[in-house]
Amino acid sequence: GQQVMQIPQYQHVQEGEDFTTYCNSSTTLSNIQWYKQRPGGHPVFLIQLVKSGEVKKQKRLTFQFGEAKKNSSLHTAATQTTDVGTYFCAGHNDYKLSFGAGTTVTVRA
Amino acid sequence: DAGVTQSPTHLIKTRGQQVTLRCSPKSGHDTVSWYQQALGQGPQFIFQYYEEEERQRGNFPDRFSGHQFPNYSSELNVNALLLGDSALYLCASSLVRGHTQYFGPGTRLTVL
């Protein structure tokens with residue numbers, strides 16, 4: 001079945017620095033979605049990418065969908081303490097969402 | 001406009017028991033999906049309900065079953081509980097199958 005892998009599992013970032021988390025699927029996806037889960041909370045939708053090579057920005061976050069629609073990345077610029085949480089990518093195929101294990105981000109001031 | 005709601009918030013059961021979790025989708029949404037999230041893991045897809053039928057299913061045993069009602073609300077039933085069923089159970093609703101999913105706050109199930 002479809003598998004979605006995320007790296008790194010943990011990201012410890014100095015406030016103000018940039019970081020990138022990567023997502024790879026074993027199969028071609030119809031779309032990919034990104035979610036953020038704060039400690040003790042539930043996943044909150046961030047964005048959906050549909051087209052091959054698509055790039056979308058949300059303030060300091062830049063999301064990219066690979067040309068083959070099998071990988072994606074999330075780049076965070078100028079990290080802030082509000083960026084703390086676990087970021088999940090979720091590959092969408094056959095009406096199912098397959099989540100990666102997430103990248104847990106901590107920030108040191 | 002209420003978002004996705006789930007009940008109960010927390011639940012403690014013992015091995016072998018049965019449990020029913022409930023979910024009310026976001027207003028206007030007709031599709032409900034259930035996920036199991038173990039500690040430190042990503043949500044794992046259990047199944048999806050649309051038009052009161054199970055449309056898709058993940059790799060979960062038949063002990064996991066569900067139902068969707070005419071008002072689009074849904075239940076997740078788990079029989080013969082195992083210790084490994086301890087997890088956060090998330091319900092997500094969407095307007096149509098395949099669209100953005102909105103998650104509820106989850107039900108934390110502990111099996112002793």
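You'll find the structure just up there.
Note that this is a predicted model, so its numbers are computed, not measured. (Residues numbered from 1 in each chain as written. Chains lettered and ligands numbered in written order. Predicted model: local features only at pLDDT ≥ 70, side-chain atom pairs only at ≥ 80, totals over all residues. Heavy atoms only, no water.)

Colleague: How should I be thinking about the sheet that holds strand β6 (residues 55–58) of chain A in this particular structure?
Modeller: Pairing between the strands of a sheet comes from backbone hydrogen bonds, and it takes one of two forms, parallel or antiparallel. All names here are of chain A. Pairing is antiparallel across the open sheet formed by 5 strands, whose spatial order is β1-β3-β8-β7-β6. At either end of the open sheet lies a strand with only one pairing partner, and these are β1 (4–7) and β6. Strand after strand, the sheet turns through a mean of 15 degrees between neighbouring axes, direction not considered. Note: strand β3 (residues 19–25) against strand β8 (residues 71–76), 6 bridges, orientation antiparallel. (Pairing = 2+ DSSP bridges. Helix = DSSP H or I, 4+ residues; strand = E, 2+ residues; numbered from the N terminus. Axes fitted to C-alpha atoms, helices over the stretch in contact; angles between N-to-C directions.)

Colleague: Please explain the interface of chain B and chain A as it appears in this structure.
Modeller: When the parts of a complex come together, some accessible area is lost, and that lost area is often taken as the interface size. With 21 residues of chain B at the interface, the matching set in chain A holds 18 residues. Between chain B and chain A lies a buried interface of about 1,400 Å² when both sides are counted; carbon and sulfur atoms form 56% of it. The interface formed by chain B and chain A holds 0 salt bridges in total. Going through the elements one at a time, β4 (31–37), β5 (44–50), β6 (53–57) and β9 (87–94) of chain B are the ones with two or more residues in the side of chain B that touches chain A. Broken down by element, the side of chain B that touches chain A gets its largest block of residues, 3 residues, from β5 of chain B. (Contact = heavy atoms within 4.5 Å. Buried area = accessible area lost by both parts, 1.4 Å probe. Salt bridge = Lys/Arg side-chain N within 4 Å of Asp/Glu carboxyl O.)

Colleague: Sorry if this is basic, but what is going on with the pattern of salt bridges here?
Modeller: Between side chains of opposite charge, a pair can form as their charged atoms come close. Residue and element names in this part refer to chain A. Applying the stated criterion across every chain yields a total of 6 salt bridges over all chains. Measuring nitrogen to oxygen at the nearest pair gives 3.7 Å for the salt bridge that ties lysine 56 to glutamate 54. Overall, lysine 56 belongs to the partly exposed group, its relative accessible area being 32%. Judged by its relative accessible area of 16%, glutamate 54 falls in the buried class. (Buried < 20%, exposed > 50% of the residue type's maximum accessible area, 1.4 Å probe, protein only.)

Colleague: What is the right way to look at the environment of phenylalanine 103 of chain B in this model?
Modeller: Within the secondary structure, phenylalanine 103 of chain B sits in strand β10 (residues 102–103). Under the relative-accessibility criterion, phenylalanine 103 of chain B is labelled buried at 7%. Taking C-alpha positions, phenylalanine 103 of chain B is 19 Å from glutamate 52 of chain B, a pair spaced 51 residues apart along the chain. For phenylalanine 103 of chain B, the residues in contact, after removing those within four places along its chain, are Tyr35, His42, Pro43 and Phe99 of chain A together with Val4, Tyr35, Leu90, Cys91 and Ala92 of chain B.

Colleague: Would you take a moment to explain the environment of glycine 40 of chain A for this structure?
Modeller: Along the chain, glycine 40 of chain A falls in the loop between β4 (31–37) and β5 (44–49). Measuring from C-alpha to C-alpha, the distance between glycine 40 of chain A and glycine 85 of chain A comes to 9.6 Å, with 45 residues separating the pair along the chain.

Colleague: Help me understand the packing of aromatic side chains, please; the structure alone is not making it clear to me.
Modeller: The description of two aromatic rings rests on the distance between their centres and on the angle between their planes. Overall, the coordinates contain 12 aromatic pairs over all chains when judged by the stated rule. Aromatic side chains phenylalanine 60 of chain B and phenylalanine 64 of chain B sit 5.1 Å apart centroid to centroid with 70 degrees between the ring planes, which places their arrangement in the edge-to-face category. Summarising the burial analysis for this pair, phenylalanine 60 of chain B and phenylalanine 64 of chain B share the class buried. In textbook terms, an aromatic cluster arises when at least three aromatic residues are bridged by ring pairs, as seen for Tyr35, Phe45, Phe88 and Phe99 of chain A together with Tyr35, Phe45 and Phe103 of chain B. Note that lysine 26 of chain B overlies the ring of tyrosine 102 of chain B, its terminal NZ or CZ placed 5.4 Å from the centroid. (Phe/Tyr/Trp six-rings, centres within 6.5 Å; stacked < 30°, edge-to-face > 60°. Lys NZ or Arg CZ within 6 Å of the ring centre and 35° of its normal.)

Colleague: Please clarify how the state of the cysteines should be interpreted in this entry.
Modeller: Simply put, disulfide is the name for a covalent bond between the sulfur atoms of two cysteines. The tally for this structure, following the rule as stated, stands at 2 disulfides over all chains. Each sulfur in the disulfide pair cysteine 23 of chain A and cysteine 89 of chain A lies 2.0 Å from the other. Across the S-S bond of cysteine 23 of chain A and cysteine 89 of chain A the torsion is about 80 degrees, and the bridge reads as right-handed. With a gap of 66 residues between them, cysteine 23 of chain A in strand β3 and cysteine 89 of chain A in strand β9 (residues 85–93) connect regions that are remote in the sequence. Note on cysteine 23 of chain A: relative accessible area 1%, which makes it buried. Given a relative accessible area of 0%, cysteine 89 of chain A falls into the buried group. With its sulfur 1.8 Å from that of its partner, cysteine 23 of chain B forms a disulfide with cysteine 91 of chain B. Since a negative S-S torsion denotes a left-handed disulfide, the cysteine 23 of chain B-cysteine 91 of chain B link at about -55 degrees is left-handed. In this pair, cysteine 23 of chain B is assigned in strand β3 (residues 19–24) and cysteine 91 of chain B in strand β9, connecting sequence segments 68 residues apart. (Disulfide = S-S within 2.5 Å.)

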